[in-house]
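Take a look at the letters that make up each chain.
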Number of protein chains: 2
Amino acid sequence: MNRGVLVVLSGPSGCGKDTILHHYLEGREEVFLSVSATTRSPRPGEIDGVSYFFLTEEQFREKIDHDGMLEYACYCGNYYGTPRDTVYEKLNAGIDVILEIEVQGALQVKKRCPEAVMIFVMPPSIKELRSRLVGRGTEDMETVEKRLLKAQEEMKAASQYDYIIVNDLVEQAAADLHAVLRSQRLKTENQKEFLNEVFHYDA
Amino acid sequence: MNRGVLVVLSGPSGCGKDTILHHYLEGREEVFLSVSATTRSPRPGEIDGVSYFFLTEEQFREKIDHDGMLEYACYCGNYYGTPRDTVYEKLNAGIDVILEIEVQGALQVKKRCPEAVMIFVMPPSIKELRSRLVGRGTEDMETVEKRLLKAQEEMKAASQYDYIIVNDLVEQAAADLHAVLRSQRLKTENQKEFLNEVFHYDA
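Values in this document were obtained by computation on a predicted structure and should not be read as measured data. (Residues numbered from 1 in each chain as written. Chains lettered and ligands numbered in written order. Predicted model: local features only at pLDDT ≥ 70, side-chain atom pairs only at ≥ 80, totals over all residues. Heavy atoms only, no water.)

(A) Here's a closer look at the sheet that holds strand β8 (residues 117–122) of chain A. All names here are of chain A. The five strands lie next to each other as β2-β7-β1-β8-β9, forming an open sheet whose pairing is parallel. On the outer flanks of this sheet lie β2 (31–33) and β9 (163–166), each paired with one strand and no other. Between one strand axis and the next, the sheet turns by 25° as a mean value, whatever way the strands run. Sheet analysis places strand β1 (residues 6–10) next to β8, joined by four bridges and oriented parallel. Among the inter-strand pairings, S10 is bridged to a residue of β8, identified as F120. Lying on the sheet, helix α3 (residues 84–92) is in contact with β1, β2 and β7 (96–100); it crosses β7 at an angle near 150°. (Pairing = 2+ DSSP bridges. Helix = DSSP H or I, 4+ residues; strand = E, 2+ residues; numbered from the N terminus. Axes fitted to C-alpha atoms, helices over the stretch in contact; angles between N-to-C directions. Contact = heavy atoms within 4.5 Å.)

Structure below.
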């Protein structure tokens, strides 16, 4: 069986990777969206194993110590990370896995899994990103400028990724995400099973 | 400006690469399908520069001598090949170029242009290829078996290509061709123009 493809989808804050991903995943079952682990308490309505894997700090640290996290970080006293085991279970079963993570975590995954396909989502321009952040109307100008600066800092990582998807129209961006994932499946190295069948079991 | 992507589409005889390509090209103008050169005489209705570039043997040999052919071969006393100049004109103008050529020529291009994206079209199985060749009803069984043997020989080159497209349903195969081409455009190395704009002209 062909192994699944590990895809890391990342991008600066406000780039819209979440919207693209939900657009892309609609009605698709052949792709697995990885579930993060955290040590923070579940909020009302959150389901263990669906929203997050809820772990104790001890459990989380043990995973870190045994190389069981593909990436992790600590925010406001809580750990967040991507457990290795479920990801590799799916990959070994031939299922593609998407990790939707922020830039620092993405670069950690790249180090631990050099085979990962790294996709970076970017806004069409800084100007457009600013007007999107302003348009939300949920943040004051100071916060908008802070987020913009952070986004520009994060965007410097772009060159470390394999593919760049510009999020201008979400439909196009979702189609682009599909093109990248489909093209991975078509790579000769991922078609060993087919080649084996054609040459050995079929004459 | 981003350079165009050079794509080599090849496959064993009878794999249907021509049908896939025509399906894919319908209504698309952003891709250039390379025109071959030949020393054979034009047939009625053939237009110079559209069907082929019709060259004298002297002209053709001169191109070979000056590294002006990306690949060439001699069949039945006539030369056939892909002139380098028109291909690179388009690539330099940012236009993707597709070369649809047989297996030997494709491997010549790979040597001369290591940046070429190599796509191999294959039938879903040898059994299916046989039944397609038989189904045409245009060839006797001996010819069918000869073509099958040749196809199987040609298929051994599959591992030297970057991508394999299985031609089961032509619509899916054309969509796969699109996915491969689109994904090349999304590669970070092909997005230099965009990155340059975002980081330098837009704050």
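(B) Layout of the pattern of salt bridges. Counted according to the given criterion, the structure contains 24 salt bridges over all chains. Between E46(A) and R40(A) there is a salt bridge, with its nearest N and O atoms 3.0 Å apart. Classification of E46(A) as partly exposed rests on a relative accessible area of 23%. Residue E128(B) is joined to R132(B) by a salt bridge in which the shortest nitrogen-to-oxygen separation is 2.9 Å. Of this pair, E128(B) and R132(B) are both found in helix α5 (residues 126–136), four residues apart, which corresponds to roughly one turn of the helix. The partly exposed category is assigned to R132(B), whose relative accessible area is 24%. Residues joined by salt bridges that share partners form a network here, namely D67(A), R84(A) and R112(A). (Salt bridge = Lys/Arg side-chain N within 4 Å of Asp/Glu carboxyl O. Buried < 20%, exposed > 50% of the residue type's maximum accessible area, 1.4 Å probe, protein only.)

(C) Geometry of the packing of aromatic side chains. Residue and element names in this part refer to chain A. Per the stated rule, a full pass over the model turns up 12 aromatic pairs over all chains. Residues Y72 and Y79 carry aromatic rings whose centres are separated by 6.4 Å and whose planes lie at 55° to one another, so their mutual orientation is tilted. Among the residues examined, Y72 registers a relative accessible area of 28% and is labelled partly exposed. For Y79, a relative accessible area of 12% corresponds to the buried category. Note on F120 and Y161: the rings are 4.5 Å apart at their centroids and 45° apart in plane angle, and the pair reads as tilted. One end of the pair, F120, is in strand β8; the other, Y161, is in the loop between α6 (141–155) and β9, and 41 residues separate them in sequence. Neither residue differs from the other here; F120 and Y161 are each classed as buried. Through a chain of ring-to-ring contacts, the aromatic side chains of Y52, F54, Y75 and Y80 assemble into a single cluster. The aromatic ring of F32 is capped on one face by K90, whose charged end is 4.7 Å from the ring centroid. (Phe/Tyr/Trp six-rings, centres within 6.5 Å; stacked < 30°, edge-to-face > 60°. Lys NZ or Arg CZ within 6 Å of the ring centre and 35° of its normal.)

(D) The interface of chain B and chain A, seen in detail. Counting residues at the interface gives 34 residues for chain B and 34 residues for chain A. In this assembly, chain B packs against chain A so that about 2700 Å² is buried in total across both faces, 65% of it on carbon and sulfur atoms. Three residues, I164(B), L186(B) and T188(B), lead the burial of chain B against chain A; their summed loss comes to 20% of the area buried on that side. On the surface where chain B and chain A come into contact, there are two salt bridges. The partner of R182(A) in a salt bridge is D176(B), with the nearest N and O atoms 2.6 Å apart. Counting the contacts that link chain B with chain A gives 13 residue pairs in polar contact (both at pLDDT 80 or more). Counting only elements with at least two residues in the side of chain B that touches chain A, the list comes to α5, α6 (141–155), β9 (163–166), α7 (170–186) and α8 (192–200) of chain B. Of all the elements, α7(B) adds the most residues to the side of chain B that touches chain A, at seven residues. Among the residues making up the side of chain B that touches chain A, the classes are represented as 19 nonpolar, seven polar and eight charged. (Buried area = accessible area lost by both parts, 1.4 Å probe. Polar contact = N/O pair within 3.5 Å; in protein donor to acceptor, adjacent residues only side chain to side chain. Nonpolar A, V, L, I, M, F, W, Y, C, P; charged D, E, K, R; others polar.)

(E) Focus on the pairing of β1(A). Residue and element names in this part refer to chain A. Within β1, five of the five residues are buried, leaving the element largely enclosed by the surrounding structure. Along β1, one buried face is formed by L6, V8 and S10 and the opposite face, lined by V7 and L9, is buried too. Relative to β7, β1 runs parallel, the two sharing four bridges. The residue of β7 that forms the bridge with V8 is L99.

(F) Here's a closer look at the side chain of E71(B). All names here are of chain B. Considering the arrangement of structural elements, one finds E71 in strand β5 (residues 69–75). Although E71 is buried, it makes no salt bridge; R112 carries the closest opposite charge, 7.4 Å away. Engagement of the side chain of E71 in a polar contact is seen with the side chain of T82, the distance being 2.5 Å. With residues near it in sequence (within four places) discarded, E71 still touches Y80, G81, T82, I101, E102, G105, Q108, V109 and R112. (Lys, Arg positive; Asp, Glu negative; His and termini not counted.)

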